[in-house]
Amino acid sequence: MVVGIASQPFWLHWHDGRESRRHAPDYFVRLADGRARVVDVRSADRLDERTEEASEATREACGAVGWEFEWADAPEPVFMANVRWLARYRRRRSGHPAEVAARLVDVFAEPLPLWTGAERVGDRLQVLPVLFHLLWSGRLNADLGSALLGTDSLVWAGRWSS
(Lines give C-alpha, C1' and ligand atoms only; values in the text may rest on other atoms or scores of the structure.)
Protein backbone atom coordinates (compact mmCIF):
# COMPACT_ATOMS: atom_id res chain seq x y z
CA MET A 1 0.00 0.00 0.00
CA VAL A 2 1.23 3.49 -0.91
CA VAL A 3 1.53 5.93 2.01
CA GLY A 4 3.37 8.77 0.25
CA ILE A 5 4.00 9.97 -3.27
CA ALA A 6 6.03 12.78 -4.84
CA SER A 7 5.96 13.85 -8.48
CA GLN A 8 9.29 14.37 -10.28
CA PRO A 9 11.15 14.09 -6.96
CA PHE A 10 14.74 14.58 -8.13
CA TRP A 11 17.12 14.95 -11.06
CA LEU A 12 19.50 12.12 -11.85
CA HIS A 13 22.71 13.29 -13.59
CA TRP A 14 25.20 10.96 -15.33
CA HIS A 15 27.62 10.81 -18.22
CA ASP A 16 26.90 8.18 -20.86
CA GLY A 17 30.42 8.17 -22.31
CA ARG A 18 29.55 10.74 -24.98
CA GLU A 19 27.66 13.47 -23.17
CA SER A 20 26.21 14.60 -19.86
CA ARG A 21 22.67 13.40 -19.33
CA ARG A 22 19.91 14.04 -16.85
CA HIS A 23 16.52 12.60 -16.10
CA ALA A 24 13.73 13.39 -13.62
CA PRO A 25 11.79 10.22 -12.79
CA ASP A 26 8.03 10.66 -12.71
CA TYR A 27 7.28 9.51 -9.16
CA PHE A 28 8.81 8.54 -5.85
CA VAL A 29 6.52 6.29 -3.81
CA ARG A 30 6.85 5.31 -0.15
CA LEU A 31 5.15 2.01 0.67
CA ALA A 32 3.54 1.12 4.00
CA ASP A 33 6.30 -1.37 4.81
CA GLY A 34 8.95 1.36 4.40
CA ARG A 35 10.19 0.36 0.96
CA ALA A 36 10.85 3.08 -1.59
CA ARG A 37 9.94 2.83 -5.27
CA VAL A 38 10.77 5.13 -8.16
CA VAL A 39 8.32 4.95 -11.06
CA ASP A 40 8.72 6.18 -14.61
CA VAL A 41 5.62 6.32 -16.79
CA ARG A 42 5.91 6.25 -20.55
CA SER A 43 3.72 4.65 -23.17
CA ALA A 44 5.42 1.80 -24.98
CA ASP A 45 5.01 3.54 -28.33
CA ARG A 46 7.08 6.48 -27.03
CA LEU A 47 10.09 4.43 -25.95
CA ASP A 48 13.22 5.25 -27.87
CA GLU A 49 16.92 4.53 -27.30
CA ARG A 50 17.52 7.64 -25.15
CA THR A 51 14.47 6.87 -23.01
CA GLU A 52 15.59 3.28 -22.50
CA GLU A 53 19.08 4.51 -21.53
CA ALA A 54 17.56 6.93 -19.01
CA SER A 55 15.43 4.12 -17.63
CA GLU A 56 18.44 1.86 -17.20
CA ALA A 57 20.48 4.63 -15.52
CA THR A 58 17.57 5.25 -13.13
CA ARG A 59 17.25 1.52 -12.41
CA GLU A 60 20.97 1.31 -11.57
CA ALA A 61 20.89 4.42 -9.36
CA CYS A 62 17.84 3.11 -7.49
CA GLY A 63 19.51 -0.26 -6.96
CA ALA A 64 22.60 1.45 -5.56
CA VAL A 65 20.55 3.08 -2.77
CA GLY A 66 18.24 0.12 -2.13
CA TRP A 67 15.16 1.48 -3.85
CA GLU A 68 12.91 -0.38 -6.26
CA PHE A 69 12.45 0.87 -9.80
CA GLU A 70 9.42 0.32 -11.98
CA TRP A 71 8.61 1.37 -15.52
CA ALA A 72 4.89 1.67 -16.11
CA ASP A 73 3.07 1.97 -19.39
CA ALA A 74 0.86 5.04 -19.65
CA PRO A 75 -2.65 4.31 -18.35
CA GLU A 76 -5.55 3.99 -20.73
CA PRO A 77 -7.46 7.24 -21.40
CA VAL A 78 -10.78 5.97 -19.98
CA PHE A 79 -9.09 4.89 -16.75
CA MET A 80 -7.33 8.26 -16.45
CA ALA A 81 -10.56 10.17 -17.05
CA ASN A 82 -12.25 8.22 -14.26
CA VAL A 83 -9.33 8.76 -11.88
CA ARG A 84 -9.31 12.49 -12.64
CA TRP A 85 -13.02 12.65 -11.86
CA LEU A 86 -12.67 10.74 -8.60
CA ALA A 87 -9.63 12.82 -7.56
CA ARG A 88 -12.01 15.75 -7.07
CA TYR A 89 -13.40 13.79 -4.10
CA ARG A 90 -10.10 12.69 -2.57
CA ARG A 91 -10.24 14.92 0.51
CA ARG A 92 -11.62 13.47 3.74
CA ARG A 93 -14.37 16.06 3.90
CA SER A 94 -15.98 14.42 0.85
CA GLY A 95 -16.41 11.23 2.87
CA HIS A 96 -18.87 12.81 5.31
CA PRO A 97 -21.33 12.43 6.82
CA ALA A 98 -19.97 9.17 8.18
CA GLU A 99 -23.48 7.69 8.40
CA VAL A 100 -23.88 8.10 4.64
CA ALA A 101 -20.50 6.45 4.03
CA ALA A 102 -21.40 3.49 6.25
CA ARG A 103 -24.79 3.11 4.57
CA LEU A 104 -23.18 3.17 1.10
CA VAL A 105 -20.76 0.39 2.06
CA ASP A 106 -23.72 -1.66 3.30
CA VAL A 107 -25.86 -0.98 0.21
CA PHE A 108 -23.05 -1.95 -2.16
CA ALA A 109 -22.28 -5.22 -0.33
CA GLU A 110 -23.62 -6.76 -3.53
CA PRO A 111 -22.86 -5.09 -6.88
CA LEU A 112 -25.42 -2.50 -7.92
CA PRO A 113 -25.56 0.22 -10.55
CA LEU A 114 -24.11 3.46 -9.15
CA TRP A 115 -27.37 5.43 -9.43
CA THR A 116 -29.51 2.65 -7.91
CA GLY A 117 -27.28 2.30 -4.85
CA ALA A 118 -27.01 6.05 -4.34
CA GLU A 119 -30.81 6.44 -4.46
CA ARG A 120 -31.22 3.71 -1.82
CA VAL A 121 -29.12 5.75 0.60
CA GLY A 122 -30.75 9.15 0.16
CA ASP A 123 -30.60 12.48 -1.61
CA ARG A 124 -28.12 12.15 -4.49
CA LEU A 125 -26.76 15.67 -3.87
CA GLN A 126 -25.57 14.51 -0.47
CA VAL A 127 -24.81 10.89 -1.35
CA LEU A 128 -22.83 11.12 -4.61
CA PRO A 129 -19.83 13.06 -3.24
CA VAL A 130 -19.51 10.49 -0.46
CA LEU A 131 -19.87 7.63 -2.96
CA PHE A 132 -17.13 9.13 -5.18
CA HIS A 133 -14.87 9.58 -2.14
CA LEU A 134 -15.36 5.93 -1.22
CA LEU A 135 -14.46 4.93 -4.79
CA TRP A 136 -11.35 7.13 -4.63
CA SER A 137 -10.27 5.69 -1.30
CA GLY A 138 -10.90 2.07 -2.34
CA ARG A 139 -13.67 1.35 0.17
CA LEU A 140 -15.97 0.91 -2.83
CA ASN A 141 -14.92 -0.50 -6.18
CA ALA A 142 -15.91 -0.12 -9.82
CA ASP A 143 -14.41 -1.07 -13.16
CA LEU A 144 -12.63 2.18 -14.00
CA GLY A 145 -11.00 0.91 -17.17
CA SER A 146 -13.80 -0.21 -19.46
CA ALA A 147 -16.13 2.81 -19.53
CA LEU A 148 -16.57 6.25 -18.02
CA LEU A 149 -18.32 6.17 -14.66
CA GLY A 150 -22.02 6.62 -15.20
CA THR A 151 -25.41 5.96 -13.69
CA ASP A 152 -25.29 2.28 -14.65
CA SER A 153 -21.66 1.57 -13.64
CA LEU A 154 -21.53 -1.41 -11.26
CA VAL A 155 -20.22 -0.51 -7.82
CA TRP A 156 -19.42 -2.94 -5.01
CA ALA A 157 -17.77 -3.08 -1.59
CA GLY A 158 -14.85 -5.42 -1.03
CA ARG A 159 -13.83 -8.10 -3.46
CA TRP A 160 -16.23 -9.31 -6.09
CA SER A 161 -15.83 -11.35 -9.25
CA SER A 162 -18.44 -12.05 -11.87
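Use the structure listed above.
Residues numbered from 1 in each chain as written. Predicted model: local features only at pLDDT ≥ 70, side-chain atom pairs only at ≥ 80, totals over all residues. Heavy atoms only, no water.

Student: Give me the lowdown on the packing of helix H3 (residues 98-107) against helix H4 (residues 114-121), citing residues and values where you can.
Tutor: Axis separation between H3 and H4 bottoms out at 9 Å; the angle between their running directions is 130°. When the interaxial angle is binned, H3 and H4 end up oblique. Note on packing geometry: the crossing formed by H3 with H4 is right-handed. The segment H3 lies against H4, with Val100, Arg103, Leu104 and Val107 engaging Gly117, Arg120 and Val121. (Axes fitted to C-alpha atoms, helices over the stretch in contact; angles between N-to-C directions. Helix = DSSP H or I, 4+ residues; strand = E, 2+ residues; numbered from the N terminus. Parallel < 35°, antiparallel > 145°, perpendicular 65-115°, else oblique. Left-handed = near helix turned anticlockwise from the far one by under 90°. Contact = heavy atoms within 4.5 Å.)

Student: Now, about the pairing of strand E3 (residues 20-23): what can you tell me, with residues and values included?
Tutor: Side chains of E3 alternate between two faces, with Arg21 and His23 buried and Ser20 and Arg22 left unburied. One ladder, built from 4 bridges, connects strand E2 (residues 12-15) with E3; its direction is antiparallel. Along E3, the bridge assignment pairs tryptophan 14 with arginine 21. (Buried < 20%, exposed > 50% of the residue type's maximum accessible area, 1.4 Å probe, protein only. Pairing = 2+ DSSP bridges.)

Student: If you had to explain the sheet that holds strand E7 (residues 112-113) to someone new, which residues and values would you point to?
Tutor: The strand order E7-E9-E8 describes an open sheet built from 3 strands, whose pairing is antiparallel. The sheet is open, and its two borders are formed by E7 and strand E8 (140-142), each paired with just one other strand. Direction of pairing for E7 relative to strand E9 (residues 154-157): antiparallel, over a ladder of 2 bridges. Note on E9: the bridge partner recorded for leucine 112 is valine 155. Helix-sheet contacts for helix H5 (residues 124-137) involve E8 and E9, and the interaxial angle to E8 is about 80°.

Student: Break down the nonpolar core for me, with residues and values.
Tutor: In this structure, Leu104, Leu131, Phe132, Leu135 and Leu140 are the most contacted members of the largest nonpolar core, which totals 24 residues. Those elements that provide at least two residues to this core are H3, H4, H5, E8 and E9. Sorting elements by how many residues they give to this core places H5 first, with 7 residues. Setting aside chain neighbours within four positions, we find phenylalanine 132 in contact with Trp85, Leu86, Tyr89 and Leu114. (Core = buried A, V, L, I, M, F, W, Y, C linked by side-chain atoms within 4.5 Å.)

Student: Which residues make up the pattern of salt bridges, and what values go with them?
Tutor: Counted by the stated rule, this structure contains 11 salt bridges. We note a salt bridge from arginine 18 to glutamate 53, for which the minimum N-O separation is 4.0 Å. Linking arginine 18 in the loop between E2 and E3 with glutamate 53 in helix H1 (residues 49-64), this pair joins segments that are 35 residues apart in sequence. Taking relative accessible area as the criterion, arginine 18 reaches 60% and is therefore assigned exposed. (Salt bridge = Lys/Arg side-chain N within 4 Å of Asp/Glu carboxyl O.)

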